[in-house]
Amino acid sequence: MRNSMKVAKWEIKRNMKNKTFLIGLFLTPIIIVAFMFLGTIFGDDSENEVIPTDIYVNDQLNLLSDLQNTVNQAGYNWNIQPTDISEAEVEDVLDGTENTAYLYINEQSLQSGNVPVFLSEEIDSFFMNQVQILATPLKSFQMQQLDLSNEELAIISSQITFEDTKVEESADDLEEQGSDLPATLSRLIPGIFAGFIMLSIVFTGMAIFQSASQEKKDKIAEIILSSLTPGELMQGKIIGYFALGIIQTVVSIIILLPVIAWRMDIPIMEYLFVPELALFIFIAVLGYLLFASIFVGIGATMADVSTAGNFQGFVMMLPFATFIFIGPVLSDPSGLWAQIGSYIPFTSPGVLILRLTVLEQWPWIEIIISLAILIVSILLFMKLAGKIFKVGILLYGKNATPGEIWKWIKA
Amino acid sequence: MEVLLTVKEIEKSFKDKKVLKNITFEVRKGEIMAILGPNGAGKSTTIRNIMGIMYPDNGAITFHQHNGKGIPRNKIGYLPEERGLYQNVKVMDILLYLAELKGYPLDKAKERALMYLKKFDLEGKEKVSVEELSKGMGQKVQFISSIIHEPELLILDEPFSGLDPVSQELFKKEIRSLADNGTAILLSSHQMNLVEEMCDRLFMIQNGQKVIYGTLDDVKTQYANFKCTIYGNNNIADLERISHVQRVEQEGDTSTLYLDKDVVPNTWLKELPENILIQELKINRISLHEIFIDIATNKNLIQEEGDANA
């Protein structure tokens, strides 16, 4: 293990001194940021920064000052004003306005737990998330009003939601339930985060290919192997490139996070560090280990990346197999395809992260089966990769055929 | 002298072909032991078995003064036949990395690296990227990397291949001085003239089998018999009748007579028959080089000797 750490340290040092790696390290997040800005240049929501949103509240419960306080505390750029316009008239008033919303707070809305919200056509896309904050003063008002009969307790425990009722849809969609947004975010953000970690360590891990086949090309493998065992060398590479992947992730996050936090008014940090994140990251790490062991084994069979045969090329494509499942999984996260995807080791890390992000109820049995398959596959592939690596790394200047690789595995 | 490494009766097969048969030898402290043989004789395979890059099917490899299992990797320096260096790193970085892998203290390694770079005419190259070095410079760096950690046993597989004569001399001198300082050295080569000048003992191998094993002097007295080369038009049958002649090779007017081991040149010359035409005559010992060529081309120059001993 000590020798593996030396190899890992060397791989990290060697890459950190390599210009190509450094450029890639910073270019990746910068390109992402650039694309985000590109979006805002061509989009028109840049004005949102300046123009406040006008909130007209038809308040029959005298809660306006409470609402104002809450909004001030949250620091939203809202302009809250009272209004007498009734729900029937609101469509005509909203027509042609921008960044305007009408809230109807009355006994009826408190009873039903749904506060109707009418929005102008143009409005900050995150307004519906932000407006949920007004639930708190309303809830406390409800509490004050109630003597605690059974019926009232039931009302207290029910949630108040703000209902998105865009002008065009107002006629028929009044009753639609608002979604449970914070809960979604608390899965979505760690899920996206874990997906990002996995992508960046798997892509960095593809450099293991390079590293293993380069060792053959430079004919240094035998010199290295006079100091340590092939297993130690392989482990060192896997650990080293894992660390490089993490460095890539950290650099990306340091560059990306302030930009995201500035562009979007989501308290990312709050939603990021939830217990779910641990599982997501665990899955991401397993995904890395699986592909890293495959890459390091296959890399040892190639004389040069440019001479990769069909077989090696096919194996290199394995991480992309997950993309096949994205469509079917998103359309039905518990469906047959989603399940198949979670039981195939090559696609399961990606599919699992995707499903757990989308699904509200986690299918624990499926998760456990899928993780078990994944872990067994990792152990299996590590063993196979070890065998292939041991022979392949010394086979200078030649690509191994699948037949030969099979022979090494059997040996 | 103290024995550092014993190779005992090792055998190795690739598929059905036996590439090493019953190879036995030892390497002692402070000596240069050479494994000689033509290409494909099994030199590198033997060395790879010692280094644990392959494992023998039978037989044992023992590192003396090493308690515990396995190979004392950090006490061995190894220069493989197929060798190279990482291309896009600095000379000093790679030397320190290889020293670190051997568990050698870094400050000492740095000192020794600078000392050897200077010795090998590479002073000031420590910050140069490996890809900018010439082939010969690269080989010098590889050689330094194999000795930087002060190994007790140094294994060099074809250390002279691809070197110019100046560098060859430099390497020879350095290898000799390492041996004089107590390092046990095992080297393989097919360049007989180089080895003849420097090795203490040798092991000659052909088709995976031992052909000769012993000290250089022993080998010379035992195998390097006299041979007599005569220019002149002679009948091969006449030549073969001369006493002490083992066999005769004739090419045009040149005949080479291979003589017995116990021939005394003075008396033998006096006893040469009158009827033999001599325009020129040369008598000398068979060189290691010739023994080597004979082995490589499978003539049985010393085969009888080997059989007689067996």
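Residues numbered from 1 in each chain as written. Chains lettered and ligands numbered in written order. Predicted model: local features only at pLDDT ≥ 70, side-chain atom pairs only at ≥ 80, totals over all residues.

Let me state the cut-off plainly: UniProt positions are given in the numbering used here, feature names are shortened, and annotations may be inferred rather than shown by experiment.
For chain B, the name recorded in an unreviewed UniProt entry is ATP-binding cassette domain-containing protein, with Oceanobacillus halophilus as its organism. Per its UniProt entry, chain B bears the Sequence similarities (unreviewed entry) comment "Belongs to the ABC transporter superfamily."

By the naming in an unreviewed UniProt entry, chain A goes by ABC transporter permease and is assigned to Oceanobacillus halophilus. Taken directly from UniProt, the Subcellular location (unreviewed entry) text for chain A runs: "Cell membrane".

## Details of the overall build of chain B
Formally: Helical segments are the DSSP runs of H or I of at least four residues, strand segments are the runs of E of at least two, and each set is numbered from the N terminus. Neighbour counting defines burial: a residue surrounded by 20 or more other C-beta atoms within 10 Å of its own C-beta is buried, one with 12 or fewer is exposed, and intermediate counts give partly exposed, using backbone-placed C-beta atoms.
For chain B, the count of helices and strands is 11 helices and 13 strands. Each of the 310 residues in chain B was classed as buried or not, and the buried ones make up 35%.

## Some thoughts on the overall build of chain A
Across its full length, chain A carries 20 helices and 5 strands. Residues classed as buried in chain A amount to 37% of the 411 residues present.

## Re helix H2 (residues 91–101) of chain B
Short version of the rule: Any two residues are considered in contact once their C-beta atoms, placed from the backbone, lie within 7 Å.
Counting buried residues along H2(B), 8 of its 11 residues qualify, which places the element largely inside the surrounding structure. Here H2(B) has its buried residues at Val91(B), Ile94(B), Leu95(B), Leu96(B), Tyr97(B), Leu98(B), Ala99(B) and Leu101(B). The inward-facing, buried residues of H2(B) abut helix H1 (2–16) and helix H11 (221–225) of chain A together with helix H3 (106–119) and helix H4 (135–147) of chain B. Looking one or two places after H2(B), you find Gly103(B), whose phi comes out positive at around 75°.

## With respect to the pairing of strand E7 (residues 184–189) of chain B
Residue and element names in this part refer to chain B. Applied cut-off: Crossovers are marked right-handed if the path from the first strand over the helix to the second runs clockwise, as seen with the strands pointing away from the viewer.
E7 sits mainly inside the fold: 6 of its 6 residues count as buried. Here E7 shows two buried faces, one formed by Ala-184, Leu-186 and Ser-188 and the other by Ile-185, Leu-187 and Ser-189. Assessed by its sense of winding, the connection that carries the chain from strand E6 (residues 153–157) through helix H5 (residues 165–180) to E7 is right-handed.

## Topic: the interface of chain A and chain B
Worth spelling out the cut-off: When residues are grouped by polarity, Ala, Val, Leu, Ile, Met, Phe, Trp, Tyr, Cys and Pro land in nonpolar, Asp, Glu, Lys and Arg in charged, and all others, Gly among them, in polar.
Contacts between the two partners involve 17 residues from chain A and, on the opposite side, 20 residues from chain B. Breaking the side of chain A that touches chain B down by element, the ones donating at least two residues are H1 and H11 of chain A. Partitioned by chemical class, the residues of the side of chain A that touches chain B number 8 nonpolar, 4 polar and 5 charged.

## Observations concerning the nonpolar core
The test is simple: Working definition: the nonpolar core is a set of buried Ala, Val, Leu, Ile, Met, Phe, Trp, Tyr and Cys residues, joined through C-beta atoms within 7 Å.
Core analysis: the biggest nonpolar cluster contains 125 residues, and Ala292(A), Val296(A) and Ile185(B) have the highest contact counts within it. Per-element tally for this core: the top contributor is helix H14 (residues 275–299) of chain A, with 13 residues. Ile185(B) has contacts with Ile32(B), Met33(B), Leu154(B), Leu156(B), Ile175(B), Leu178(B) and Ala179(B), leaving out every residue within four places of it along the chain. Membership of the second largest hydrophobic core comes to 24 residues, among which are Trp78(A), Ile80(A), Val131(A) and Leu134(A).

## Some words on H1(A)
Stated precisely, the cut-off is as follows: A helix is expected to span 1.5 Å for every residue after the first.
For H1(A), which comprises 15 residues, the first-to-last C-alpha distance of 21 Å matches the rise-based estimate of 21 Å (1.5 Å per residue) to within 8%. Those residues of H1(A) lying buried are Asn3(A), Ser4(A), Lys6(A), Val7(A), Ala8(A), Trp10(A), Glu11(A) and Asn15(A).

## A word on the UniProt feature "transmembrane region" (unreviewed entry) in chain A
Residues and elements named next belong to chain A. UniProt feature "transmembrane region" (unreviewed entry): in the numbering of this structure it lies at residues 21–42, 188–209, 238–262, 277–299, 311–330 and 362–382. With 95% helix and 0% strand, residues 188–209 has end C-alpha atoms that lie 32 Å from one another. In this annotation, residues 362–382 is assigned 90% helix and 0% strand; the end-to-end C-alpha distance for the span is 29 Å.

## Let's talk about the environment of Leu384(A)
All names here are of chain A. For Leu-384, the position within the fold is in helix H19 (residues 364–392). On the basis of neighbour counts, which here come to 16 C-beta atoms within 10 Å, the residue Leu-384 falls in the partly exposed class. Here the alpha-carbon distance between Leu-384 and Trp-408, two residues 24 residues apart in the chain, equals 9.0 Å. In contact with Leu-384, not counting residues within four places along its chain, are Gly-297 and Ile-409.

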